[in-house]
Amino acid sequence: MLGRTYAVSLLGLTGEIVEIEADLSSNLPAFVLIGLPDAALGEAKDRVRAAAINSGCGLPNRKITVNLSPAALPKHGSGFDLAIALAALAAAGTVSSESIGGVLHLGELGLDGRLRPINGVLPAVLAASRAGFESVMVPTGNADEAALVPGVRVIPVASLREAAIWHGGEFEPEIVEPRNFESIVPLDPENVHQGAALEVKPLHWGTLEQIAISGSGAPLLVLLDRVTDPHNVGAVLRSSEVF
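Residues numbered from 1 in each chain as written. Predicted model: local features only at pLDDT ≥ 70, side-chain atom pairs only at ≥ 80, totals over all residues. Heavy atoms only, no water.

Q: In this structure, what is going on with the overall build of the protein? I would like to understand it.
A: Looking only at helices and strands, the protein has 10 helices and 9 strands in total. In the protein, 66% of the contacts between residues at least 6 apart in sequence involve partners at least 24 apart. (Helix = DSSP H or I, 4+ residues; strand = E, 2+ residues; numbered from the N terminus. Contact = heavy atoms within 4.5 Å.)

Q: Any chance you could explain helix 5 (residues 121-130) here in plain terms?
A: Residues spaced three or four apart along an α-helix point in a common direction, a consequence of the helix completing one turn every 3.6 residues. Of all 10 residues making up helix 5, 8 are buried, and the element is well covered by its neighbours. Those residues of helix 5 that sit buried are V121, L122, P123, A124, V125, L126, A127 and A128. A positive backbone phi angle near 100° is found at G132, which sits one or two residues after helix 5. (Buried < 20%, exposed > 50% of the residue type's maximum accessible area, 1.4 Å probe, protein only.)

Q: Quick question: what am I supposed to make of the environment of L122 here?
A: Along the chain, the position of L122 falls in helix 5. Spatially, the C-alpha atoms of L122 and E145 are 6.1 Å apart, while their sequence positions differ by 23 residues.

Q: I tried to follow the packing of helix 2 (residues 44-54) against helix 3 (residues 81-91) on my own but got confused; where do I start?
A: A pair of packed helices is characterised by two quantities: the angle between their axes and the separation of those axes. Axis separation between helix 2 and helix 3 bottoms out at 10 Å; the angle between their running directions is 60°. The pairing of helix 2 with helix 3 is recorded here as oblique in orientation. In terms of crossing hand, the pair formed by helix 2 and helix 3 is right-handed. Contacts between helix 2 and helix 3 involve A44, R47 and V48 on the former and, on the latter, D81, I84 and A85. Of the residues in the contact of helix 2 with helix 3, the class split is 4 nonpolar, no polar and 2 charged. (Axes fitted to C-alpha atoms, helices over the stretch in contact; angles between N-to-C directions. Parallel < 35°, antiparallel > 145°, perpendicular 65-115°, else oblique. Left-handed = near helix turned anticlockwise from the far one by under 90°. Nonpolar A, V, L, I, M, F, W, Y, C, P; charged D, E, K, R; others polar.)

Q: Please clarify how unusual backbone geometry should be interpreted in this entry.
A: Note the cis peptide between S69 and P70, where omega equals 5°. Position of P70 relative to the elements: it lies in the loop between strand 4 (63-69) and helix 3. You will see that L36, though not glycine, has its phi angle at about 65°, which is positive. The residue L36 is located in the loop between strand 3 (30-34) and helix 1 (39-42) in this model.

Q: Hey, could you run me through the environment of L160 in this one?
A: Following the sequence through the fold, L160 ends up in helix 7 (residues 160-166). Distance in space between the C-alpha atoms of L160 and N54 is 9.6 Å, their sequence separation being 106 residues. Sequence-distant contacts of L160, that is, excluding residues within four places in its chain, are made with A51, A52, S55, C57, L82, A85, L86, L89, L109 and G113.

Q: Mind showing me how you'd approach the nonpolar core here?
A: It is characteristic of soluble globular proteins that their nonpolar side chains tend to be buried jointly. If you look at the biggest cluster of nonpolar residues, it comprises 40 residues, and the most contacted ones within it are I20, V66, I84 and L160. The element that contributes the greatest number of residues to this core is helix 3, accounting for 10 residues. Each residue touching I84, except ones within four places of it in the same chain, is listed here: I20, F31, L33, L41, A44, V48 and V66. Counting 19 residues, the second largest nonpolar core, distinct from the first, contains Y6, V8, L104 and F133. (Core = buried A, V, L, I, M, F, W, Y, C linked by side-chain atoms within 4.5 Å.)

Q: Looking at this structure, how should I read the environment of T65?
A: Looking at the secondary structure, you find T65 in strand 4. With 44 residues separating them in the primary sequence, T65 and E21 have C-alpha atoms 8.1 Å apart. Setting aside residues no more than four positions away along its own chain, T65 makes contact with E21, A22, D23, V32 and I34.

If you want it as structure tokens, here you go:
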């Protein structure tokens, strides 16, 4: 049986849809990942197998081949973990192949099966929307960011087991503490306002002549200002995608 689902590869601010196929064969047990993955993505096979075992939905002790298509497109990062795991589980008959084929998946897996938030969710979901996807599954910690894109159903999950259950896997639900921002950054519990904590340091911009774009004519300096109209959803999303 073949399992197939989709993820997004980000090249700068541009997202390209990646088809992820998983196949099981009767050869000696192995996990093979092909399709031009980088080093971080190449390690997904170890994360996925450990996460599946620790989630109670282990993969068969057979050869698993996962193909990332188009093969010529560079792919990097750990945001493919969830899609790879679900494609493999579908190939094993553990979850519904039809169900995972209609959803785009984003998320990094911990060895315990929990889903970690990833960077670049907004441009990735925008790419999914432009490609015609109506549903996107993301880590719980990325749900609010993903929900900024109109017209896309966001499915937040905290673990691989929860994702497998959503796609028809017959497992008992379990309560999992999601990976979120508050568990990483020590915010004051007495704070009454919502916000974000950032670690910043000033940049030395140099003089105007040094930062202006030189050419055949007068120097050109491009200034990016904030969006003042909160109802201009398209402008807000494009600005957020850049910054």
